[in-house]
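Observations on chain architecture
Spelled out from the first residue to the last, the chains are:
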Amino acid sequence: MEYETVIGLEVHAELSTESKLFCGCANRFGAPPNSLVCPVCLGLPGVLPVVNRKAVEYIVLVGLAVGGEIASYSKFDRKNYFYPDMPKNFQISQYDLPLCDGGTVRIELDGLKKDIRLKRVHLEEDTGKSVHGGTIDSSDFTLEDYNRAGVPLMEIVSEPDMRSPAEAHAYMEELHRLLRWLGVSDCKMEEGSLRCDANISVRSKGETALGVKTEIKNMNSFRSVEAALACEEKRQIEILENGGEVLQETRGWNEDRCITFLMRSKEEVQEYRYFPEPDLVPIRVEPEKIESIRAGLPELPFDRQARYMEQYNLEADTAKALVQSRYFSDFFDRCILTYKEARAVVNWLLGDVSKFLNENNIELEKTGVTPQSLVEMIRLIDDGKLSGKIAKEILPEMMKSGEPPAAIAQKMGLSQESDESRILEWVLEALRESPDAVAEYRRGKEKALGFIVGQVMKKSRGQANPGIVNKLIKQELDKS
Ligand SMILES: [Zn+2]
C-alpha cells in the first residue's frame, strides 16, 4: 500500500519588542534568572495587564505580509491549565477571535513552488522556563525562571498542507526568513525564540479523510523538525502495516536517540476552559492603522528574488541566495546604487564574503564590511591597483576590522605594483633565468608564457599587476 503523509505546523515566535506583552519588564534573553519580573508577569493578585501596542502591530504586519485578513474586532482569552512555569495558572491567549485569519506562506522545494495555507496568526504570552538539575526524569529538583513569562509570542497555525518532512523543513525556513525580514523576531531556535510543534498523520494515497494525528513537540532545529517527522511518519506507517491503530497523543522528540516517545494522550480543547480575559479590553485595529502598517511593508523576499532575476539577469539559485536575509539583500541593493556591474558584486558577496561568514559562523551585519568599502575594493581591482588575489587576502581583514581596503592593503604591504619600470626589472630577471621557457615560447608554445608570468609574480610576492606583467613579457620576447 502507498501512503501519504499530512503535516500541519504550529509555530511560535517570540516578538522582539522592547518590553513584555502586558507589563513594562524588559523582553531580553540571557539575563540572570528572575531579574526581569514584576507583579504583573508574576501573576500577583490585584494587578492589571495592559497590552503592548507594538506586539499587536507586529502581528498585523505579519498578517499583511502573508495576505491574511486582519480582524476588525479581536480579543484575548484565558487558557486555563496548571503548570509551574506559568505563575497565573492561565495563559492569556486568543481563542475564537485571532488578530489575523488565513493567509499563505509560499515555499520552494527542488525548484517547485507551493503555497501553504494558514489558519490563523494570533498573539499570546509566553510562559516561564523550568530548569531541571540534569534531565527531567532523573532530577531531584526543578527551578523556575520567570524572565520569559509574559514575553509576547506569535502563534502561526498552518493548514495540514504539507506532504513530507522536507516540505515542513522548507516551510520553517521560509517563516524564519520572513519573520526576520520583517524584523518582528530574531527567530533564534537555539534560544527558543522560534519553536515548532507539528501535527502529523498518514493515510493511504487517494484517501481524502485525514488519518489520526499525533502532535510532536521539542523540535529545536530545522534539522530536527525534518528528522522527527520522518521518524514519526515511519512509526505510523509501521503501525498501519501491522494492522494496528495510531492513537491521538502528544509525543516528544529525543534528538540523541532519534525516536519520538509518548508524553501524554492528547487533551481536548474543552479541557482548557477558555473564556474571555476580563482584565483586557477588546482590540479594534482601525482601517487607517492597517493601511499605514501596509504602507510600511518592505519588498518581500519572493518578490525581490523575482526582481533580481529580471533586472540583473540572475539565475534563480543566485537570486535566492541574495535574498537569504533582508540585511544581505539590502547590502547588495546598496552596492548596486553606486556600482552598476551586478555580477561582480554578486560574485564577491556569494563567494568570499559568504565563505568568511560560514567559516566564522557570523552574520553579515556583525562584520565590519560596508557596501561602500566592498565597492571601493572592487573599484581598486578595476583600476589595476589591487589584484583579485590580493583582494581575497584583504577582504577578511575588512570584515574583521571594518577598515577601508586601501588602508589595509598598505598596512599589509599588499598594494598592487603597477610601476612599469619596477615590473620590467622582474620581467628581465625572469627571462634571464628561464631560457627553456623562452625557447619553447619561440617555438610557438604559448603555454610557456604562463610559466614566465608565474616567475614574475613570485618575484613580486604576488604584487605585480598581472596585465602589465603580460604586456611587458610579450613586448620583451617580441623585441629580440
Ligand atoms: Zn513584568
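What you are looking at is a predicted structure, and each value in this text was computed from that prediction instead of being measured. (Residues numbered from 1 in each chain as written. Predicted model: local features only at pLDDT ≥ 70, side-chain atom pairs only at ≥ 80, totals over all residues.)

In terms of helices and strands, the protein chain carries 15 helices and 15 strands. Its C-alpha atoms give the protein chain principal-axis dimensions of about 95 × 55 × 50 Å. The buried share among the 480 residues of the protein chain stands at 35%. Of the contacts formed within the protein chain by residues at least 6 apart in sequence, a portion of 68% connects residues at least 24 apart. (Helix = DSSP H or I, 4+ residues; strand = E, 2+ residues; numbered from the N terminus. Buried ≥ 20, exposed ≤ 12 C-beta atoms within 10 Å, placed from the backbone. Contact = placed C-beta atoms within 7 Å.)

All right, on to the packing of helix α12 (residues 420–433) against helix α14 (residues 447–459) then. Relative orientation of the contacting elements α12 and α14 amounts to 125 degrees, with a least axis distance of 9 Å. Here α12 is positioned oblique relative to α14, judged by the angle of their axes. Crossing angle aside, the handedness with which α12 passes α14 is right-handed. The segment α12 lies against α14, with Trp-426, Val-427, Glu-429, Ala-430, Leu-431 and Glu-433 engaging Ile-452, Gln-455, Val-456 and Lys-459. (Axes fitted to C-alpha atoms, helices over the stretch in contact; angles between N-to-C directions. Parallel < 35°, antiparallel > 145°, perpendicular 65-115°, else oblique. Left-handed = near helix turned anticlockwise from the far one by under 90°.)

A word on the sheet that holds strand β3 (residues 77–80). Within a sheet, adjacent strands bond to each other through the backbone by hydrogen bonds, running parallel or antiparallel. Across the sheet, three strands lie side by side as β4-β3-β15; this open sheet has antiparallel pairing. At either end of the open sheet lies a strand with only one pairing partner, and these are β4 (90–93) and β15 (275–276). As judged from the two bridges shared by β3 and β15, these two strands associate in the antiparallel manner. Across the sheet, residue Arg-78 finds its bridge partner in β15, namely Phe-275. (Pairing = 2+ DSSP bridges.)

Before going further, it helps to spend a moment on the domain arrangement of the protein chain. The accessible area lost on association of the parts is a frequent measure of interface size. Assigned domains within the protein chain: domain 1 (3–289), domain 2 (299–411) and domain 3 (420–479). Measuring from the centre of the C-alpha atoms in domain 1 to the corresponding centre in domain 2 gives 36 Å. With six residues of domain 1 at the interface, the matching set in domain 2 holds five residues. If you tally residues by element for the side of domain 1 that touches domain 2, the top one is helix α2 (residues 165–181), at four residues. (Domains from an automatic or database assignment.)

Looking now at unusual backbone geometry. Apart from glycine, the bulk of residues carry a negative phi angle, and the bulk of peptide bonds sit in the trans form. Of note in this structure, Asn-89 is not a glycine but carries a positive phi near 65 degrees. Looking at where Asn-89 falls in the secondary structure, it is placed in the loop between β3 and β4. On the neighbour-count criterion, Asn-89 (12 C-beta atoms within 10 Å) is exposed. You will see that Asn-313, though not glycine, has its phi angle at about 60 degrees, which is positive. With respect to the helices, strands and loops of the structure, Asn-313 is situated in the loop between α5 (301–312) and α6 (316–322).

Listing the buried residues of helix α13 (residues 435–442) in full gives Ala-437, Val-438 and Tyr-441. An end-on view of α13 places all buried positions within 100 degrees of arc, on one side of the element. For α13, exposure combined with an orientation more than 90 degrees from the buried face picks out Pro-435, Asp-436, Ala-439 and Arg-442. Contact partners of the buried residues in α13: α12, α14 and α15 (466–479). Gly-444 sits one or two residues past α13 and shows a positive phi near 105 degrees. (Arc of directions from axis to C-beta.)

Taking 1.5 Å as the rise per residue, α15 with 14 residues should run 20 Å; its terminal C-alpha atoms sit 20 Å apart, in good agreement. Burial in α15 covers these residues: Ile-468, Val-469, Leu-472 and Ile-473. The arc that holds every buried residue of α15, seen down its axis, measures 130 degrees, which confines them to one face. Those residues of α15 that are exposed and aimed more than 90 degrees away from the buried face are Gly-467, Gln-475 and Asp-478. Taken together, the buried residues of α15 touch α12 and α14. (Expected span 1.5 Å × (residues − 1).)

Moving on to the pairing of strand β10 (residues 152–158). Counting buried positions along β10 yields five of seven residues, so the element is predominantly enclosed. In the sheet, strand β1 (residues 3–14) pairs with β10 via five bridges, with the strands oriented antiparallel. Opposite His-12, over in β10, you have Glu-155 as the bridge partner. One ladder, built from seven bridges, connects strand β7 (residues 112–125) with β10; its direction is antiparallel.

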